[in-house]
Amino acid sequence: MSFLKKPFQKLKELSNNNSTLDKSNANDSVPSKVEGINSATGSGTESPNGKANGKTNGTSTPITNGTSTPKLNGDSKRQSREILQAERAKKSMDRERAKVETKKRESMARIEDERFLKEGPPALTKLYRPYSMNQSKRWTHEDRLLFKNLDWEKLEGEIVTFRARIHTLRRMSAKLVFIVFRQQTITIQGVLQSFKARHELAAGEENEGTISEQMVRSVEHYPSETIVVVIARVRKAPKRVKNATIHDHELEVWEVHRVGELTENVPFTVYDAENINRDREDIEDDDDESAMASLYPSSGDTPASNTPKDTPKVGTPKVGTPKQGSPRTSTDLSRFSLDRFSKGRTSKDDIGSRTSMDVFRQQRSLPQRVRLNNRIVDLRTAPAQSIFRIQSGICNLFRSYLDGQGFIEIHTPKLQGGASESGATVFEVDYFGRPAFLAQSPQLPKQMCIAADFERVYEIGPVFRAEDSNTPRHLTEYTGLDLEMALEEHYYEALTIIDGMFKNLWQGIYDRYQKEIDIISHFYPHDKVQWLAETPRIPFSEGVKMLIEDGWVDEDGNPPSELEDLATRAEIRLGALVKEKYKTDYYILDKFPSSVRPFYAMPDPTDDRFTNSFDIFMRGQEILTGGQRIHDARFLEKRMKAKGLKPESMTEYLEGFRWGAPPHAGCGIGLERLTYLFLNLGNIRLASLFPRDPKSLPARPPTLKLRHEEASTTNPPWERTDLENNPTDGITEREKQLQPLEKLIANYGDAANTSWLDKRYHVWRHASTGAAQGFVISHNYAIAVGEPLCAKSQYPQIVSAYLQFLKDEHKDLKPLWMIVGPDIEEYLGEKFLWRTLACIAEERADPRNNPASKDKDLARKLRHAENEGMKEIDLPVGPVDAELQAKIDARIQDWHKNRKGTQVHLTQIRPWIDWEHRRYYYSQGPDGTIHAICVLHQLSPQNGYQVKFSLEFPGAPSGTIESLILHSMKAIAAADPECKQVTFGTGAMGTLEGGRNLGKTKVRALKKAYEAINRQFKLTNKSEFREKMGVRNEAVYVAYPRGGLGAGGIQALMAFLKEDG
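Summary of the structure given here. Here the structure is a predicted model, which is why all the values come from computation and not from measurement. (Residues numbered from 1 in each chain as written. Predicted model: local features only at pLDDT ≥ 70, side-chain atom pairs only at ≥ 80, totals over all residues. Heavy atoms only, no water.)

## Some points on the side chain of Gln391
Assignment of secondary structure puts Gln391 in helix α8 (residues 382-404). Here Ala687 takes part through its backbone oxygen, which lies 2.7 Å from a polar atom of the side chain of Gln391. (Helix = DSSP H or I, 4+ residues; strand = E, 2+ residues; numbered from the N terminus. Polar contact = N/O pair within 3.5 Å; in protein donor to acceptor, adjacent residues only side chain to side chain.)

Shown next, in the form of structure tokens:
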């Protein structure tokens, strides 16, 4: 990281100059007592400029409103600065002391609450004691109710038991918490309030009971999305509750039992997704350092301090219980707009203490990709629940209508010996050493069933299309609604049934699911689908003519052709023209050209350039493809050959037609496309439970054997019984069982991880796996360096847990993450909407390549070192001799003395630690003088080794260090045949590259600034030296939450990296 030395030194000088100038100006304006003004005596004293000060009541005071201002000499200015610095240091210490004391009090309170739960009176603790894991030990037939089945008006005053999730909660005081419970799409507000002593009760007030303050405190710390079993009394809400779907009633909570603990914090809560700028998906807004909401993966639990929060409505208490004797008012948790915080400004009244409330609103939207990447949580939201209820209704209506028309449901195989469609690629799979294909549609089995005299069949099943289409309307796997039927005279027989099915479908959805449609409309506004009693059937040629008359042309300026398929833009425009002409969103386009239809489509009898096939459109996009099929065997084989297919690859399919098949027609419908167009969702992925597109199922690198199996994080030592000399025998404390950090680095580490062995790093450990993450604390920032030490498959779990640890234990710190690879960069950017950029890279080399064979200058330096008598010496594996250590340490001190100015680094020069995983090499001259040292540190099997230290000492001949580095790389390649690469650590890249969630304008500005800095300070000099050693660059990233970098973040990085020489 030494390439940052000059820019940071320049920034430091500018900062010091500005700071000195500001202090000087301030001191010149108002002199103080130490600057020659004595207020303790009755006589005046001369100011530094020789003039007497004015007197009041015999006491000399400074003149602050006159024309004469005392001037300060150098000593006075210095003394003033020293006092200011001392005061600032004292305030800083006081703040830190207060933080430590607060943290200690909170920790003690948690311990006391846990002790009370275990040892307190059973009458109190049984009301909130968490349930043990459900292993079906007993079945008491407890009557737990579902919200959707309840009539709340009739249940007033009744006691109910139910299981639900905590949707959100707000702590009003130590004795009062509002909780919103959620079952699927229904939410209701609950009130948990501890009892009062008799002498605290107001006249007529009833608040006696067994609910303790410990119970309130315990429940208020349950994170959102926790599953609980609740016993409560239903009562009329004093005021309409706007933050729940049940507005007129609420629950007086008597018991709350946690069913299961969240072992990983959710990236966002359902409350977030449903309430935060739900109709906005702009992520290009400017940085705002006050926007703390996106720093951590969840905001539904407790906010960070100094964070904008919801403010109680005027007329209700901000904190605490209502006034004695007054009726309690219902509190609405989501009634306040984020507009007041849109620019990061908040009034004093808007800022509450961390303990004053547990619900606050983030200042960002939740983009679709964030929700889709956390699909399980997203599916809990009301719109997602409603979407899939409607989708279930579509299948039900499809089935029931066709059952009434004499169809039977079939289930066809999805493994086929050949492709069934000519217009799409297929997924090939290995079928016991033979090629097979995932079905592109059930088309061929459907026709075979018609040949088997099933007459009318339908299927709802998966369809696979290997099309590399990353659009909002395509998936690689979707659910197909397919039907096929025998014909008597005309394919319009099938078209009429299909048309009737759709109209029945539209009407059935509006009749059955209006409530769900209303919920979805709040998030995805749309108009009701319009259709006619007689659906327009427009020939394809006429549709093309309508587009030509409208003047539509494609991107190249070409009008549509009646013998080619319509592009998506053309379809959408045609839909608009049809809507304008016929006043319908739903229409049929008939007689498609044969060039865009599969081999089994029946040609039009009057013009074989067209076919007896059709598409049905809704809202300007195709939702169905169908038509008449060829049933004559000879004609079918002829068409197959014309389309480039081999009849012998579909023998089983052709047999049905050779043995006789009736005329037939059918269609295929995409369930997800139908759903997303009907509801106007804008993206088909929102209509798929777990969408599959070309970017799904990313490749996983092969898993290499660990260097230390006993230090695995996927199978930690305390869970194993197969280890010889198990280090955990007789040990009960988990901390003593954790895998050694040195072994984790050898198993999973890269170059940045070796820095964690320095004393200035904090190392967080994950309790259940033993995984580790190193970070430093600098200027109110927690700066994580490098990737977690764990298996890559555990990255999501460990990253989320680490961020939750910062939120719980270091809530006053802002997180930054530097030197992360693409996996962590993608996870932070996609899951938590962090911003990323890359201007540095890991510089790796193949130890088996000899760059000197291609670089004449490097070869010349190596010859010079050899001619000077330089000898490279390999030290054996094991501890280094103490005498040799002393000699090398003395030369390292010589190297230190030769360094000037501020040094920028990630690690300290401590070559002798963790010698078990290090290899040592040094260069020695003819007189025995040590001129250079190279230390290689063992990393994960994938990353090989790191050139941890390569130091050339003063007086070394030219080419000494180059010769030693190449020698060490050659030696390690011979000693460790599995070593595939060696890394030199990070170096500057030639250009800055924007990562995720950065606007184009911001990236251009950053690139321009970086290029100017690179030219001025020659950041890539070290990289250019390493290039001669044959390195290749692998970009690594700096990641930070919105508002998490800025000037404060840069200063924190400077303070962490710099060291005065």
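## Let's talk about the packing of aromatic side chains
Tallied over the entire structure, the rule returns 26 aromatic pairs. Seen from their ring centres, Trp506 and Phe678 are 5.6 Å apart, and the 15 degrees between their planes marks the pair as stacked. With Trp506 in helix α10 (residues 492-512) and Phe678 in helix α16 (residues 671-678), this pair connects stretches of sequence that are 172 residues apart. Classification of Trp506 as buried rests on a relative accessible area of 0%. An aromatic cluster is built from Phe502, Trp506, Tyr510, Trp531, Tyr586 and Phe678, whose rings are joined through pairwise contacts. (Phe/Tyr/Trp six-rings, centres within 6.5 Å; stacked < 30°, edge-to-face > 60°. Buried < 20%, exposed > 50% of the residue type's maximum accessible area, 1.4 Å probe, protein only.)

## Comments concerning helix α17 (residues 741-748)
Where burial is concerned, most of α17 is hidden: 6 out of the 8 residues are buried. Looking at α17, one finds that the buried residues are Leu741, Leu744, Ile745, Ala746, Asn747 and Tyr748. Buried residues along α17 sit in contact with β19 (762-765), β20 (772-778) and β27 (930-938). (Contact = heavy atoms within 4.5 Å.)

## Examining the sheet that holds strand β29 (residues 982-994)
If you trace the 11 strands from one edge of the open sheet to the other, you get β19-β20-β21-β22-β30-β23-β29-β28-β27-β26-β24, paired in mixed fashion. Each edge of the open sheet carries a strand with a single partner, namely β19 and β24 (871-874). Recorded for the sheet is a direction-independent mean angle of 30 degrees between the axes of neighbouring strands. Two strands pair when backbone bridges link them, and strand β26 (residues 918-924) and β27 are joined in this way by 7 bridges, in the antiparallel orientation. The residue bridging Ser923 from the neighbouring strand is Ala932, located in β27. In this fold helix α22 (residues 960-975) packs onto β23 (835-845), β24, β26, β27, β28 (945-952) and β29, with an angle of close to 35 degrees to the strand it touches most, β27. (Pairing = 2+ DSSP bridges. Axes fitted to C-alpha atoms, helices over the stretch in contact; angles between N-to-C directions.)

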